[in-house]
Amino acid sequence: MEAASPPDVERAAPTVSGEELEIMLQEWDLPLVIDAYATWCGPCLLMAPGFEEAAKELKGRVRFVKLDTDENEEMAARLSINGLPTLLFLDRVVPEEGEDATHQAVLKERLEGAIRKESIVALCEHNFFDGPRPESL
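Conventions and cut-offs
Residues numbered from 1 in each chain as written. Predicted model: local features only at pLDDT ≥ 70, side-chain atom pairs only at ≥ 80, totals over all residues. Heavy atoms only, no water. Core = buried A, V, L, I, M, F, W, Y, C linked by side-chain atoms within 4.5 Å. Buried < 20%, exposed > 50% of the residue type's maximum accessible area, 1.4 Å probe, protein only. Helix = DSSP H or I, 4+ residues; strand = E, 2+ residues; numbered from the N terminus. Contact = heavy atoms within 4.5 Å. Axes fitted to C-alpha atoms, helices over the stretch in contact; angles between N-to-C directions. Parallel < 35°, antiparallel > 145°, perpendicular 65-115°, else oblique. Left-handed = near helix turned anticlockwise from the far one by under 90°. Nonpolar A, V, L, I, M, F, W, Y, C, P; charged D, E, K, R; others polar. pLDDT = per-residue confidence, 0-100. Pairing = 2+ DSSP bridges. Lys, Arg positive; Asp, Glu negative; His and termini not counted. Salt bridge = Lys/Arg side-chain N within 4 Å of Asp/Glu carboxyl O.

Take the nonpolar core next. Residues Val 33, Phe 64, Ile 120 and Cys 124 are the most contacted members of the largest nonpolar core, which totals 18 residues. Broken down by element, the residue count for this core peaks at 5 residues, all from helix H4 (residues 117-129). If we skip the residues at most four places from it in the chain, Val 33 touches Phe 51, Val 62, Arg 63, Phe 64, Val 65, Leu 88, Phe 89, Cys 124 and Phe 128.

As a further point, take the packing of helix H2 (residues 42-57) against H4. Direction vectors running N to C along H2 and H4 enclose 45°, while the axes themselves pass 8 Å from each other. Of the possible angle classes, the one that applies to H2 and H4 is oblique. You can see that H2 and H4 cross each other, and the crossing is right-handed. From H2, Met 47, Gly 50, Phe 51, Glu 53, Ala 54 and Glu 57 reach across to H4, where they touch Lys 117, Ile 120 and Val 121. Here the residues of the contact of H2 with H4 are counted per class, giving 5 nonpolar, 1 polar and 3 charged.

With that settled, consider the confidence of the model for the chain. If pLDDT is low for a region, its predicted coordinates should not be looked at in detail. In this model, the chain carries an average pLDDT of 90, and 88% of its residues clear a pLDDT of 70 or more. Residue range residues 1-8 is modelled with pLDDT below 50. Its contacts to residues more than four positions away, or to other chains, number 0 contacts.

Right, let's talk about the sheet that holds strand E5 (residues 105-112) for a bit. Strand order in the open sheet formed by 5 strands is E1-E3-E2-E4-E5, with mixed pairing between adjacent strands. What marks the edges here is a single partner per strand, and that holds for strand E1 (15-16) and E5. Inspection of the sheet shows strand E4 (residues 86-92) paired to E5 by 7 bridges, in the antiparallel sense. Residue pairing for E5: Asp 91 is matched across the bridge by Val 106.

Moving on, we get to the side chain of Asp 68. Among the structural elements, Asp 68 can be located in strand E3 (residues 63-68). Of the side chains with opposite charge, Lys 66 comes closest to the buried, unpaired Asp 68, at an N-O distance of 9.3 Å. Here Asp 68 is in contact with Tyr 37, Ala 38 and Thr 39, once residues within four sequence places are set aside.

Here you go:
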């Protein structure tokens, strides 16, 4: 009998398709940080380990995902991704009574360029949990 292959390592910041992201934007449970990247992008590759570490640190408080802009050109266009990497910090809007609750998302911050893990965490604290605005990134 053959041994079962080891399970894939679960990433704190998984890569998602445009369709999966669309579902996430409709089924909110946590604030969301999207890393729009490309596999050929040097700054994207440099930032990736820090993005994963930030996702681990904030697990259960903030959801982190990665979107490959080459594989998901339509979603990248819808999100107006022009530079790489681009980080999008999205939070849900709690609708007032009687308002339509679908697609209730607000863009708290958009940042182009690679930043360190500490800056990603600080921006999450600021945008989602009323922490102070980071003085430098």
